[in-house]
Structures are given as structure tokens and as C-alpha cells.
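# Chains, contacts and geometry: an overview
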Amino acid sequence: MDSTNGNGADLESANGANGSGVTEALPPPPPVIPPNVEPVRVKTELAEKKGPVRVPMARKGFGTRGQKIPLLTNHFKVDVANLQGHFFHYSVALFYDDGRPVEQKGVGRKILDKVHQTYHSDLDGKEFAYDGEKTLFTYGALPSNKMDFSVVLEEVSATRANGNGSPNGNESPSDGDRKRLRRPNRSKNFRVEISYAAKIPLQALANAMRGQESENSQEAIRVLDIILRQHAARQGCLLVRQSFFHNDPTNCEPVGGNILGCRGFHSSFRTTQGGMSLNMDVTTTMIIKPGPVVDFLIANQNARDPYSIDWSKAKRTLKNLRVKVSPSGQEFKITGLSDKPCREQTFELKKRNPNENGEFETTEVTVADYFRDTRHIDLQYSADLPCINVGKPKRPTYIPLELCALVPLQRYTKALTTFQRSALVEKSRQKPQERMTVLSKALKVSNYDAEPLLRSCGISISSNFTQVEGRVLPAPKLKMGCGSETFPRNGRWNFNNKEFVEPTKIQRWVVVNFSARCNVRQVVDDLIKIGGSKGIEIASPFQVFEEGNQFRRAPPMIRVENMFKDIQSKLPGVPQFILCVLPDKKNSDLYGPWKKKNLTEFGIVTQCMAPTRQPNDQYLTNLLLKINAKLGGLNSMLSVERTPAFTVISKVPTIILGMDVSHGSPGQSDVPSIAAVVSSREWPLISKYRASVRTQPSKAEMIESLVKKNGTEDDGIIKELLVDFYTSSNKRKPEHIIIFRDGVSESQFNQVLNIELDQIIEACKLLDANWNPKFLLLVAQKNHHTKFFQPTSPENVPPGTIIDNKICHPKNNDFYLCAHAGMIGTTRPTHYHVLYDEIGFSADELQELVHSLSYVYQRSTSAISVVAPICYAHLAAAQLGTFMKFEDQSETSSSHGGITAPGPISVAQLPRLKDNVANSMFFC
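Residues numbered from 1 in each chain as written. Predicted model: local features only at pLDDT ≥ 70, side-chain atom pairs only at ≥ 80, totals over all residues. Heavy atoms only, no water.

### Regarding the overall build of the chain
Of regular secondary structure, the chain possesses 21 helices and 43 strands. Counting only residues that meet the buried cut, the chain has 57% of its 924 residues in that class. Of the roughly 38,600 Å² of accessible surface on the chain, 49% is carried by carbon and sulfur atoms. (Helix = DSSP H or I, 4+ residues; strand = E, 2+ residues; numbered from the N terminus. Buried < 20%, exposed > 50% of the residue type's maximum accessible area, 1.4 Å probe, protein only. Areas by Shrake-Rupley, 256 points an atom, 1.4 Å probe, with all protein chains shown as cover.)

### What about the nonpolar core?
Of all hydrophobic cores here, the largest spans 120 residues; its most connected members are Ile738, Phe740 and Tyr872. A per-element tally of this core places helix α19 (residues 868-885) first, with 11 residues. Of the residues that make up this core, three or more belong to each of domain 3 (503-631) and domain 4 (636-786 + 829-885). Grouped together as the second largest cluster of nonpolar side chains are 45 residues, Ile259, Ala303, Trp311 and Cys342 included. (Core = buried A, V, L, I, M, F, W, Y, C linked by side-chain atoms within 4.5 Å. Domains from an automatic or database assignment.)

### Focus on the sheet that holds strand β15 (residues 336-341)
Spatially, β15-β18-β19 is the arrangement adopted by the three strands of the open sheet, whose pairing is antiparallel. The strands lining the two open edges of the sheet, one partner per strand, are β15 and β19 (398-399). The pairing of β15 with strand β18 (residues 386-389) spans three bridges and is antiparallel. Residue pairing across strands places Gly336 opposite Asn389, the latter belonging to β18. (Pairing = 2+ DSSP bridges.)

### Considering the sheet that holds strand β6 (residues 187-201)
Overall, antiparallel pairing links the five strands, which are arranged β3-β4-β2-β6-β5 in an open sheet. If you trace the sheet from one side to the other, it starts and ends with β3 (128-130) and β5 (146-154), each paired once. Each neighbouring strand pair of the sheet contributes to a mean axis angle of 30°, computed without reference to strand direction. Looking at chain direction, β5 and β6 are connected through nine bridges and run antiparallel. Residue Leu153 lies in a different strand from β6, and its bridge partner there is Lys188. Across the face of the sheet, helix α2 (residues 108-118) comes into contact with β2 (86-96), β3, β4 (135-139), β5 and β6 while running at roughly 110° to β5. (Axes fitted to C-alpha atoms, helices over the stretch in contact; angles between N-to-C directions. Contact = heavy atoms within 4.5 Å.)

### Side note on the environment of His663
Its place among the elements puts His663 in the loop between β31 (654-662) and β32 (673-680). Overall, the relative accessible area of 31% leaves His663 in the partly exposed class. Sequence spacing of His663 and Ala878 is 215 residues, and the spatial spacing of their C-alpha atoms is 9.6 Å. Apart from residues lying up to four places away in sequence, His663 is in contact with Ser673, Lys699, Ala700 and Glu701. Of note is the side chain of His663, whose polar atom sits 2.7 Å from the side chain of Ser673. (Polar contact = N/O pair within 3.5 Å; in protein donor to acceptor, adjacent residues only side chain to side chain.)

### Quick word on the pattern of salt bridges
Throughout the structure, instances matching the rule amount to 39 salt bridges. In this structure, Arg372 and Asp373 form a salt bridge, with 3.0 Å as the shortest nitrogen-oxygen distance. Measuring nitrogen to oxygen at the nearest pair gives 3.7 Å for the salt bridge that ties Lys688 to Glu502. A residue pair is termed long-range when its members are at least 10 positions apart, and Lys688 in the loop between β32 and β33 (689-696) and Glu502 in the loop between β23 (485-486) and β24 (505-506) qualify at 186 residues. (Salt bridge = Lys/Arg side-chain N within 4 Å of Asp/Glu carboxyl O.)

### Topic: the packing of aromatic side chains
Two measures describe an aromatic ring pair: the distance that separates the ring centres and the angle between the ring planes. Across all of its chains, the model carries 21 aromatic pairs by this definition. Measuring from centroid to centroid gives 5.5 Å for Phe347 and Tyr370, while their planes differ by 80°, and the two rings are edge-to-face. Taken together, the residues span a long stretch of sequence, with Phe347 in strand β16 (residues 346-350) and Tyr370 in helix α8 (residues 367-373) at a distance of 23 residues. Ring pairing ties together the aromatic residues Tyr689, Tyr857, Tyr872, Phe922 and Phe923, which thus form one cluster. The lysine or arginine in question, Arg54, covers the ring of Tyr836, its NZ or CZ lying 5.4 Å from the ring centre. (Phe/Tyr/Trp six-rings, centres within 6.5 Å; stacked < 30°, edge-to-face > 60°. Lys NZ or Arg CZ within 6 Å of the ring centre and 35° of its normal.)

### Examining the environment of Phe542
Within the fold, Phe542 resides in the loop between β26 (537-538) and β27 (544-546). Measuring from C-alpha to C-alpha, the distance between Phe542 and Lys570 comes to 9.7 Å, with 28 residues separating the pair along the chain. Ignoring any residue separated from it by four or fewer positions in sequence, one finds Phe542 in contact with Trp509, Val510, Lys570, Leu571 and Pro572.

### Section: helix α15 (residues 617-630)
If you check α15, its first and last C-alpha atoms are 20 Å apart, about what 14 residues at 1.5 Å a residue would give, namely 20 Å. Among the 14 residues that make up α15, 11 are buried, leaving the element largely enclosed by the rest of the structure. Within α15, the full set of buried residues consists of Leu620, Thr621, Asn622, Leu623, Leu624, Leu625, Lys626, Ile627, Asn628, Ala629 and Lys630. Each element contacted by the buried residues of α15 is listed here: β24, α12 (520-533), β26, β28 (577-581), α14 (591-602) and β29 (605-609). Positive backbone phi, at 95°, marks Gly632, one or two positions downstream of α15. (Expected span 1.5 Å × (residues − 1).)

If you want it as C-alpha cells, here you go:
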């Protein structure tokens, strides 16, 4: 069962953070907390911090262990010739001719292109880089510090759709619509103010390449990234941060529901030990298939025909999408749908000619009649369907559905179904050689050398992949049952003819069957037999509970309740373990209610399975890996774990923490985020963990419940984990605390170092004021765009490949590790940043520890791509996240702890797990 440790193929959805952190670095982002949640505390915390503010540590040295291997990477060397010059930063303000500011998105580039074209000589022939909003950069100064221009644009597509008013401000909705349709070439006057803001020396780039990053150097890199964005915008690309997508149907793959995976490119400038480089990678984003709106809705909802569409759902899906209206060919943004169908929806229509008093009379007409009589368009099928509204909610403009077609390159930001996700992964993966070919071609086609601004500051980009030296670390030796040991080969091992190192015993257990298809008796017999071969003694189950046919169509909660009533009526006590067979589909809606019932109400360890066919031995062995770990056993462990030879960890009591925050799927803006922290237990082991999980305001990235003072008590996550370590490790306090933090970009490193680390230190002090453990803090990033290739082989890099030179940070302590064997697509390395180290690891010791932690993941028999504690934190957050899906927010809401600012957000709290499962690896 290696699905959990896959490398994610090539799917770097452009929805994710770009992981480079460069573009977000300046201006510094506000602390990542939701609005109106006690902003004062977080914003001033760094400023008011007692003692020095911590910054990411510098590299102490390079690793030497492992077999050297030559590699290529998708970084292309950048030369900067004119380091003496300056970029000039200007602020841009756009106004209509009546003085109102232009708030509409997407018009800015057209206006500034027109300024550039019309006033070329007034601008001294200068090229500029414009970010599409309020910022513009030039190489060398403009003639004046403040310049004013007026330009005229032909009718901007979709302009009135977001409500910038119509010429006289009071025409009736469809009157405005008629004017729009009749005069597509209406022009619009704009005024543009460009005023000087700052000067950025290009010398700052040279400083950054030496590791002396400053506000100026990050701003200079930002200018270069904006030049790339503008270059792509001029080619008509969809821009998603630093990723660019061309309107080319050959780059699009359908994934179901009229959604396409659109392949594009990420390009960003990076400062590295080897100087400046352009990091270019293949990336994928989701777009909506262009074409008739009705086709999209039918496919999206899997409806039979237009008359079976769920219109309330359609309204949410269509909001803010852009459509082209026939026959005028104009573009608008959808703001909503009409309440009534076309043939019933009426509006006030002004007559064209005034009456004898010179007044324009109004008459009430239906949309269908208006289009038939005035526009001479007979509706084929949409008279009985709602109209599309492209006006304001209070001043609608209705257009029949059949006249609207979705325009190309519109992002789809809703959550994908399981089917769509797997189709996307399948279709977007590329073997290393294919990816290199595609990137070489893309670099050529991009033709950055012709970009005037890059040329003016003497920037040239190599077309060759950068050569780097990697090292392949040997896999750690693993201990299995009955004293046997194994060396993983190619990042993999198996339990053929081997027992688990610490098998559990299963005596009181039952089976629950919600599936009509599975032969449960056979599964039980096979499980007992295979369990025996792995050293697990499994007694016969007390009973198999089959769900009655009458409940199969009931809501999930009811089905779970009924099953538990049945179990309670027939069992003498609480079982040790329940095996649950779910209906045969992947995300079963029974899963959340079932897990919640077991873990929070009864404290029962449970394992779910949903086999699509009768499970084979491999499937059941994978199932037993999870069951054994959940029940307190260990499947395999590092051979050195219980010996003092294992670096610093077994000599000194050490706790390892994995920290992650998971957010709701795209399109679920109001779902609380879930913070999970897992911790090692039973020192000197580093293979056993437990988890603590809390909700926090939606999209908050910093973990808020590390410390939670409640009077003199601390109810925070860290105290809970430290107390468990102490009780499970023979009453030893950890002297070393190793923290792996996932999911933060470089712009948030200072917050992790100065806010989260301070809170962890505070939690220690609240337990014992005289206790001073030493800390090691690393951040793991998967969401970046660096890839590695073997120059002499079409295969992925071997597992254990580590790179800490040339393309790593010029000064900071970071390295890339491909711990796993990439089986499909191109291996995505994990980028580790060592932010803080009081313990004093050498480069080799630390890299070996991180590598070893990729081999202790109990769910699989292969090395995983990121350390096990982080994977466990993902799993714990995901599992408890299923509790939230069916929670009634209003019932479980409680005010967010510790907030004194006005209008605190209330966040639904997760129910607490029963003590007997809280310390288990329930998430495994």
C-alpha cells in the first residue's frame, strides 16, 4: 500500500502557494490570521518581543556522506550585466474621466499598454514592468516624478458587468443591455497618474547572491518576476502567481465534469549559491471547458438535460465566471441568475421614441418576449430556464442561457471530486526526460532574451539545465520481528516471511459490514491467517454485524447510530477493536460519522476498509500494518532506535514534533482550519507518535492553540504532548525538542521562529520554570518547483538523494532530499530549511536524521517523501476534518479562546477523543 507515500506525480496545482516565497516576500505579508481576530496581538508580537528577534540560521557546513552523483536541475543560470543601474518604482492610480477610481480588475494592463503606445516619447522611450494593479517599475528614471496621462479605450470587455455604472447612471437594466449590444465599440476615457515611490539599486541583486538579503534585494527580484508576468500577460496567458497558462487546447486534458487540467509553466527568479537562476517548471491548474454555459452545467452536475439542473447549485458555480454573449460577441461577468424562467421574468423597458409630451414611456416585458420582438431571436430551449444576470443585483441585466458561452482560460477553484483528482494526477504526470524536453522547448518559446526590460538591464538566461552534485545516502537498516533485520532496496522492503517487530494481540473484536458486496467471512478468515504469519494473534471475532437493507438509504448519521444500537444490545462490553467494511466507494460519507462515534464517544480503535473486489494477501497485509500500529504495536523500526548509537537522540531524552495546518478545500471559505501536532513517545523510540488536533479560524496558517491559558492552567496542544512524553518515557523530560513544521512559505519563517517557537518555549516554562530544553526547528516544503534529473539515465533520481549545494540558499541552512523512489512522473524533492539549532547537529547528522525519519512511517513498506511526523500530522488533521463535515456549526460553535478584540470569530471546536484512543496512533 504505497499510495500514501507517492510523490504526487507532477501535479503542482497552481492553486497552491508557489513555495518559492520570493514573490510574496515584499512588501512583507500581514500576519496570516483571519480578519477581526485579535490582530493587535499577532501584529505587535514580533515588535514587542523581549530579547532579539530570531532569524533563520546560516549554513554551518555541507554534508559529505553518501555516494556522489551528478545531477541536472531545472534552474537556468542568469547573468546580470548592468549591476550599476537602478529600478525606479512608481505608484499607478487609474481614474475614469469623471474622477471615480477604476476598481475593476483586468483593465489596468490595457490602459497602461495604451499609455505606453500613445506617450512613448513623453516616457523617454522607456519600457516598464506593470503588475496589473498599482505598481510600475522602469529601468532608469522617467522624465518626471509625477506624470498625468489621458487615454481612450474602446469598450472594455465585460466592463459594466461589475457595476461601474452606465453613462447616465439611471437607465433601465435592459435598456443598458440594449445599448451595449447595439454599440459594441463604445469608447471610454481614463486618466492615469504615475508618481515616483522609490529607487532600487540593481547592486542589491549582487548582495542577495552573496546571501545578504535586504528589502531592496527582494524588491529587485520582485521586479524581475513582474517582468515575467507582464511578458506572459502580453501573450494572452492566464496568470496564477508566477505560473502562466496559454490558451492552447493541446495543453488541456479533460478530467470530468467539463473541467480541464491545463498545463502551463512556472517561472521565477531565485538567488542561489551559484548566483541568480531562473527556476522553470511544468505546472497544472484547473480551468473550465469553454463553450455553451448549458453544456458546462449539465456535465458539472451530471444532469440528464437542461431541465434537470439544480439551479441553486448552478448559481454558486457560475458566479463571477465570464461569458461571451451572441450575437454581439461581448463579454460579461455573471453576477447571478434570475428568480424566474425567461418567459416569466419581466423588466421595465423604456420605449425608443418619446410620446407627445417628450417622455419615454416604460412598459413591462418578459425577457423571452424582448429577445423575440426587439432582438429578433427566437429562444430554442431556454425560455423555461432562468436567465443569466450580468448586471448588478439591484439593477439586473438578463440574458437567456442559450446565448451565453464561457470564455477560455477561466480557473475552476472549487474542490475536485476523487475521480477528477485521480484523472488529473494520471494525465498530468511526466517522466523526467519528457519534462526536461518540454521545459527546454518552453524556455526557447518564451524568448525572454527579447524582453526589452530584461535586455535593458543586461539580463541573459542560459538555456542549459544547471549541473549540481548530489549524494545518495544509504538506507537505514530496519529491525523486524524475531530478531531479523533488513536493508531496504530502492527505498522499499516487505514482510514476506517476516513478522512485525512488536505485534499486538486482538482478542475482543467485532466486524461491521455496511457493504452488500463483500464476503466478510472470507475476509475474517484470511485476516486471522495473515495476522498469524506476521506475529499478530487474532481471536475469532465476537460477531459480524450486517447492516439491514432497510437502513441502506438512510442518512449516514442514522446508519451509524442504528449499527451502534445493534452492537450495544448484543455485546457484553466495549470491544477492543472494530473492523468496518464501508460501501465500495472511496470517500464514503459514513467515514466521518463512524470515526467520530468510535473515537469520541466510545474510545474504540477502528479500521475501515472499502475493497472494490475480494481483498488479496497484499491488501490485507497493508490493512494489518495500520491495525497493528493503531493498537500500540510496531511493524518495523530503525535498528539503532533502542541503542545509544543513534546520533544524539538516544543519548539524550528527545521529543520529535510534526506540525501542520490543513485548510478546507478550495471553494470552502468558511470551514475552520485544522491544526495538528504529533509527538514521539516512549523515548528512545522515534517510530511511535500520538496527535493533538484543534480547529482554528479559516485559513489561519500560524497554529493558535500551542499554548492556551485558562486561568493558571494551560490547555494548549504542547502541554498535552509533553505530559504524554513524560509519562510514556519513564518520567523523563525531553532535553531536546526537534520540530518539523510543514506548510509555510519563506515569508512566514520569521513568524514560525518568533511566534510559534516562543509559544512552545512558554508551554515548557509553564510546566517547569527552571526547565530549559534545547530546540531544533526545521520547515519542510513540498510546494516548490525545483526538480532533479539524471543526465545519463531516464529514471528518477535514486531514493536517498540529497542536494545541499549550488542551487540552495546562498547563506541559509537548507537542503533538498528525495528520500523516496519516485515511481510515476518526476520525483518531487522535499525542501528542508533548518531555521534554528541549539542542539548543534552537524550537517551529516541532521541530514541522516531527516532521511531516517522517512523510513519509520508505519503505514507503508517504502520510504516516504517527507518525514513521518509531518505525514502523521496530515493524517490526523484529515481524519478529524471528516468530523467537521457533518457537524452543525451553530451547535458546536464556541467563542474562540483568548480573544479580547471586538467581534471575535467563533470556531466550531472538535469533540475530544476518549483517553484510551487519544494516545494511540488512531490516525495511522
